[in-house]
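# A structural walkthrough
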Amino acid sequence: MRCHPDGCQELKSEVRCKKKRPMNLEQAREFDTQDPLGAFREKFHHSEEDIIYLDGNSLGRLPLKSKSIVEELVNAQWGDQLIRSWNTDWLEINERIGGKIAKLIGAKANEVILTDSTSLNLFKLAYGSLKAQGSERNRIVSDELNFPSDLYILQGLKEMFHDQHELILAKSDDGMTIPESKISELLDSKTALLTLSYVCFKTSYMYDMEELTRQAHDVGAHVVWDLSHAVGAVPVSLNDCNVDMAVGCTYKYLNGGPGSLAFLYVREDLQDKLTNPIWGWFADARPFEFDLNFKAASGIKRFQTTTTPILSAAAVEPGVDMMLEAGMENVRQKSLKLTESLIELFDSHLAPLGFSLGSPRNPDKRGSHISIRHPEGYRISQAMINPKEGRPVIIPDFRDPDFIRLGITPLYTSYEDVFKAVERIAEIVASEEYTQHSVSREAVT
Ligand SMILES: *Cc1c(COP(=O)(O)O)cnc(C)c1O
């Protein structure tokens, strides 16, 4: 049987035809009408300007509820109640919101705390791990697809521990994926720590968390997973995978606001065995006794360190609540349908224009963003953001050398967004509109 590239005119049943006809605008609108998560879109702030926002994997949209929560906090708590608010609302905020995030990542409430930034949390947990593992274990394993900040933290730790450790990075043959076997072969009885991003920031490649955690444990190593591109994007089951430690970001898929506090997870039985390298008073067992000598709190509190920026912390909660209300399985289902539609449109509209796909085709091996690659990727992304008259603004982001990342955030990305974005990218390239933009980079791409 023959399959037409633009659909299956000769076949009644789609099932029999491998090459599915990609979604058209009418179908996209129909999918949006039937979308069980469709109502969430209106719970976010939308500007007057007609924009298609595909960068929720870098900075999530503003939940309307966050505006009212911050306003109420400023007026009633900071304004009226002043310092009394520490006892009524503020002191427990890290553990309270951490407990909610725990439900999104398959952990117990007392295993997660909202605190500091992702990089700092990785620093604290990796330090705790290296110290607990002792000098006999001198190998740290990660990969070259990891977020550079994570690798910088490991390099800094290596120096702090007087260069006793070797940092070994698994290599990617295709610049997009790394088979689990290439990680396993680096794990040995000298390995103290394996740390990886569960979903890779550039390509969306997703590891088998359970398998790699088990293999690390088989050689006696700890594991820290960075969930920054995973939390709110894909279901995560830390307890089921017996994960030791994890960190993650809240300003991406959780819509917590620019620079919002991150979270960290430490499995219950491990908490009191790890040392936080920064002995601040909020990591102390009794901070308000003002004893002159530090005594670490037991439990997850010991990883907090210092006073929390309360305005930032409070703004995280509405996004987390919405994600819980939507349910991670539903979010994942919609994400898969959107990314599948996007890839089908990619094949029909963009591949013929010189694009290659920068994310895995296998849905089980990718998160919720799709990268597309083109030698003119940067200028194409600039034309999307600064369009000619009459065309919508489309906001993706760009990662060197040639990755345009399209963030699919099921709570507010519509099928129509996806269709229109692909149609517009094709227009920018086919008409060479991108040539009117400069190759010089903005500070934040
Ligand atoms: C976004 C991201 C971070 C963020 O680090 P900050 O400490 O918030 O600056 C860290 N790791 C990964 C994998 C990320 O994607």
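These numbers come from a predicted model, not from an experiment.

Below, the discussion takes up the packing of aromatic side chains. Applying the stated criterion across every chain yields a total of 15 aromatic pairs. Each ring, one from Trp-86 and one from Trp-90, has its centre 5.3 Å from the other, and the planes form 90°; the classification is edge-to-face. On the criterion of helical spacing, the pair formed by Trp-86 and Trp-90 is a turn pair, its members being four residues apart in helix α3 (residues 85-90). What links up through ring pairs into an aromatic cluster is the set Tyr-198, Tyr-205, Tyr-207 and Trp-225.

Right, let's get into helix α11 (residues 377-385). Here α11 lies mainly inside the structure; eight of its nine residues are buried. For α11, the complete set of buried residues consists of Gly-377, Tyr-378, Arg-379, Ile-380, Ser-381, Gln-382, Ala-383 and Met-384. Its buried side turned inward, α11 meets β11 (393-395), β12 (397-399), β13 (403-407) and α12 (415-430).

Taken domain by domain, the protein consists of domain 1 (9-63 + 327-436) and domain 2 (66-324). The C-alpha centroid of domain 2 is placed 30 Å from the C-alpha centroid of domain 1. The partner domain 2 presents 33 residues to the 37 residues of domain 1 that form the contact. With both sides pooled, the region where domain 1 packs onto domain 2 buries about 2700 Å², and carbon together with sulfur makes up 60% of that total. Interface area lost by domain 1 to domain 2 is led by Pro-63, Met-328 and Lys-365, which between them contribute 24%. For the interface between domain 1 and domain 2, the tally reads one salt bridge. A salt bridge links Glu-180 to Lys-365, with the nearest nitrogen and oxygen atoms 2.6 Å apart. Linking domain 1 with domain 2 are 19 residue pairs in polar contact (both at pLDDT 80 or more). Mapped onto the side of domain 1 that touches domain 2, the elements with two or more residues apiece are α10 (328-350), β10 (369-373) and β13. Ranked by residues supplied to the side of domain 1 that touches domain 2, first place goes to α10 with four residues.

Conventions adopted
- Residues numbered from 1 in each chain as written.
- Predicted model: local features only at pLDDT ≥ 70, side-chain atom pairs only at ≥ 80, totals over all residues.
- Heavy atoms only, no water.
- Phe/Tyr/Trp six-rings, centres within 6.5 Å; stacked < 30°, edge-to-face > 60°.
- Helix = DSSP H or I, 4+ residues; strand = E, 2+ residues; numbered from the N terminus.
- Buried < 20%, exposed > 50% of the residue type's maximum accessible area, 1.4 Å probe, protein only.
- Contact = heavy atoms within 4.5 Å.
- Domains from an automatic or database assignment.
- Buried area = accessible area lost by both parts, 1.4 Å probe.
- Salt bridge = Lys/Arg side-chain N within 4 Å of Asp/Glu carboxyl O.
- Polar contact = N/O pair within 3.5 Å; in protein donor to acceptor, adjacent residues only side chain to side chain.

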